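Here are the chains, one letter per residue:
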Amino acid sequence: MTNDVLGSSSNNNSNKTDSAVSVAAPITTTLATRPAAAAPVVVENEEEEENVWVERKEEFSWIAASFHCKRLDFGPNKVVGDSGAVFIAKSLEINARLLILNLEGNEIGVRGGVALVQALKTNASLEGLNLDGNKIGQEGALALADSLALHPTISYIYVRENNIGYRGGMAMIHMLKRNKSIRKVGLSRNDLEYDHALAIAAVLGHDKNSTLHELDISGNKIGPRGGVAIARALESNTILQELVVAGNAIRNEGGIAMGRLLKKNHSIQSLDLSNNDMALRGAIAIADALKFNRGLAILDLSANHFGNAVCIAMARSLKVNVSLQYLDLTFTKLCRVGSMVLVHALSLNSTLDYCFCHFDSLVTGELDSPLRRKQRTNYS
């Protein structure tokens, strides 16, 4: 949920400040025509080369070789491919200034992925790498895990939706036991299974990884047992702050385990359990846990199937909870009774800033005025 320097491409336009280098002007020199040993461009104003965004295919090779910027953003324009990735990798081997490299959605396959991660073995300055939405596959993930195991500076690594396979997923997870600099990891939509969840639990249990703050494993297949394993491991973890397990079908069994987790763990600040086929028992366990939890600020339970009974339990917890600031209950089959109880709880809660609900249209009309007077409830 949180946005960081490697944020998704939907935020790229809003992040382009006036201080960033403009690459909108036509650049006719291409990878094929520009001399390989071309001298780097000298920019008199140092502030102008902090960030570089690349939007067209004819621009990327020249900029990758010429600019000593701190952030280089290619995504998601499908302008790089394997050949471009190999070229960028060669630049990375000697580049000591670049901190953030965003290659999201650029059709990079195994060859380009392997070249990039091999370059990391000699690059000791890069702090963030976003490879989301490419095709590095299992071979690329194995090479990436090997390069990152002892890398001293990488703190962000995103490889969402890369078809990394069973072995690639295991390698990336086991890498976290050895790496002591990575704080944020994105492994969503990579067909991770129960075995991967067990491996994640082994990494997270008892603070065995002392640096990981954010983990996104959404859109995988860890199932109820996987959800239970991760929840149990996190009961003794005091480092992880954000966990995204959306779309993993953890169901009631996983929901109940997450409820037990929230009673014991007060370090997790953001928990996304949306779209998990969770019904009444699992959601009530989470709602009841909020009476005791003192650290959770963001909770997403949207797109589950629990209805009014959970809303009533949630309302009871909100009357005494002092940490929750954001609650998403959209598309959870709420209607009149539950929503009215929730309104009353909001009048007694002093910390919740955003409560997203999706009620029946008639109920929404009746409740719109009192909720808007509080200015703390929004409707999807």
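Provided above is the structure to which this section pertains.
First, a word on what this report is: a plain description of the structure on this page. Everything quoted here is computed from the prediction, not taken from an experiment.

## Quick look at the overall build of the protein chain
Stage number 1. Within the protein chain one finds 13 helices and 13 strands.
Stage number 2. Taking all 380 residues of the protein chain together, the buried fraction comes to 55%.
Stage number 3. Within the protein chain, counting contacts between residues at least 6 apart in sequence, those at least 24 apart form 83% of the total.
Stage number 4. For the protein chain, the computed accessible surface area is about 16,100 Å², with 52% contributed by carbon and sulfur atoms.

## Thoughts on empty space enclosed by the protein
Stage number 1. Taken as a whole, this structure holds two cavities of 30 Å³ or more when the rule is applied.
Stage number 2. If you add up the space inside the second largest cavity, you get close to 40 Å³.
Stage number 3. Lining the second largest cavity, in full, are Ile 173, Leu 176, Ile 200, Val 203, Leu 204, Leu 212 and Leu 215.
Stage number 4. Mapped onto the lining of the second largest cavity, the elements with two or more residues apiece are α6 (165-178) and α7 (194-204).
Stage number 5. Counting residues per element, the lining of the second largest cavity draws most heavily on α7, at three residues.
Stage number 6. Residue classes in the lining of the second largest cavity are distributed as seven nonpolar, no polar and no charged.

## Things to note about the pattern of salt bridges
Stage number 1. By the definition in use, this model includes nine salt bridges.
Stage number 2. We note a salt bridge from Asp 73 to Arg 71, for which the minimum N-O separation is 2.9 Å.
Stage number 3. A single salt-bridge network, built from bridges that share partners, covers Asp 132, Arg 160 and Asp 216.

## Considering the packing of aromatic side chains
Stage number 1. Taken as a whole and assessed by the stated rule, the structure comprises two aromatic pairs.
Stage number 2. When the centroid spacing of 5.3 Å and the interplanar angle of 45 degrees are considered together, the rings of Tyr 326 and Phe 356 count as tilted. Residue Tyr 326 is located in strand β11 (residues 326-329), and its partner Phe 356 is located in strand β12 (residues 354-357); the two are separated by 30 residues in the primary sequence.
Stage number 3. Judged by centre distance (6.3 Å) and plane angle (10 degrees), the ring pair of Tyr 354 and Phe 356 falls under stacked.

## Remarks on a positive patch on the surface
Stage number 1. Among the surface-exposed residues, Lys 263, Lys 291, Arg 316 and Lys 319 lie close enough to one another that they form a single positively charged patch.
Stage number 2. Tracing the backbone shows Lys 291 in the loop between α10 (280-289) and β10 (298-300).

## Overview of helix α12 (residues 336-348)
Stage number 1. The end-to-end C-alpha distance of α12, which contains 13 residues, comes to 19 Å, matching closely the 18 Å that a straight helix rising 1.5 Å per residue would cover.
Stage number 2. All of the buried residues along α12 are Gly 338, Ser 339, Leu 342, Val 343, Ala 345 and Leu 346. Viewed end-on, α12 has its buried residues packed into an arc of 165 degrees, placing them on one side of the element.

## Here's the deal with the packing of α10 against helix α11 (residues 308-318)
Stage number 1. The interhelical angle for the contact between α10 and α11, taken along N-to-C directions, is 10 degrees, at an axis separation of 8 Å. One finds that α10 runs roughly parallel with respect to α11. Taking contact as the criterion, the partners of Leu 280, Ala 283, Ile 284, Ala 287 and Asp 288 in α10 are, on α11, Ala 309, Val 310, Ala 313, Met 314 and Ser 317.
Stage number 2. Tallied by class, residues from the contact of α10 with α11 come to eight nonpolar, one polar and one charged.

## Topic: the environment of Leu 212
Stage number 1. Tracing the backbone shows Leu 212 in the loop between α7 and β7 (214-216).
Stage number 2. Residue classification places Leu 212 among the buried residues on the basis of a relative accessible area of 2%.
Stage number 3. Sequence separation of Leu 212 and Ser 155 is 57 residues, and the distance between their C-alpha atoms is 8.9 Å.

Here is what the cut-offs are and how they apply
Residues numbered from 1 in each chain as written. Predicted model: local features only at pLDDT ≥ 70, side-chain atom pairs only at ≥ 80, totals over all residues. Heavy atoms only, no water. Helix = DSSP H or I, 4+ residues; strand = E, 2+ residues; numbered from the N terminus. Buried < 20%, exposed > 50% of the residue type's maximum accessible area, 1.4 Å probe, protein only. Contact = heavy atoms within 4.5 Å. Areas by Shrake-Rupley, 256 points an atom, 1.4 Å probe, with all protein chains shown as cover. 1 Å grid on protein atoms, 1.4 Å probe; cavity = no way out; pocket = protein on both sides within 12 Å on 5 of 7 lines; lining within 4 Å. Points joined across faces, edges and corners; volume = space filled by probe spheres on them. Nonpolar A, V, L, I, M, F, W, Y, C, P; charged D, E, K, R; others polar. Salt bridge = Lys/Arg side-chain N within 4 Å of Asp/Glu carboxyl O. Phe/Tyr/Trp six-rings, centres within 6.5 Å; stacked < 30°, edge-to-face > 60°. Patch = residues over 30% accessible without salt bridge, like charges linked within 9 Å, V, L, I, M, F, W, Y side chains within 5 Å. Lys, Arg positive; Asp, Glu negative; His and termini not counted. Charge placed at Lys NZ, Arg CZ, Asp CG, Glu CD. Expected span 1.5 Å × (residues − 1). Arc of directions from axis to C-beta. Axes fitted to C-alpha atoms, helices over the stretch in contact; angles between N-to-C directions. Parallel < 35°, antiparallel > 145°, perpendicular 65-115°, else oblique.

The values reported here are purely geometric and, on their own, carry no functional implication.
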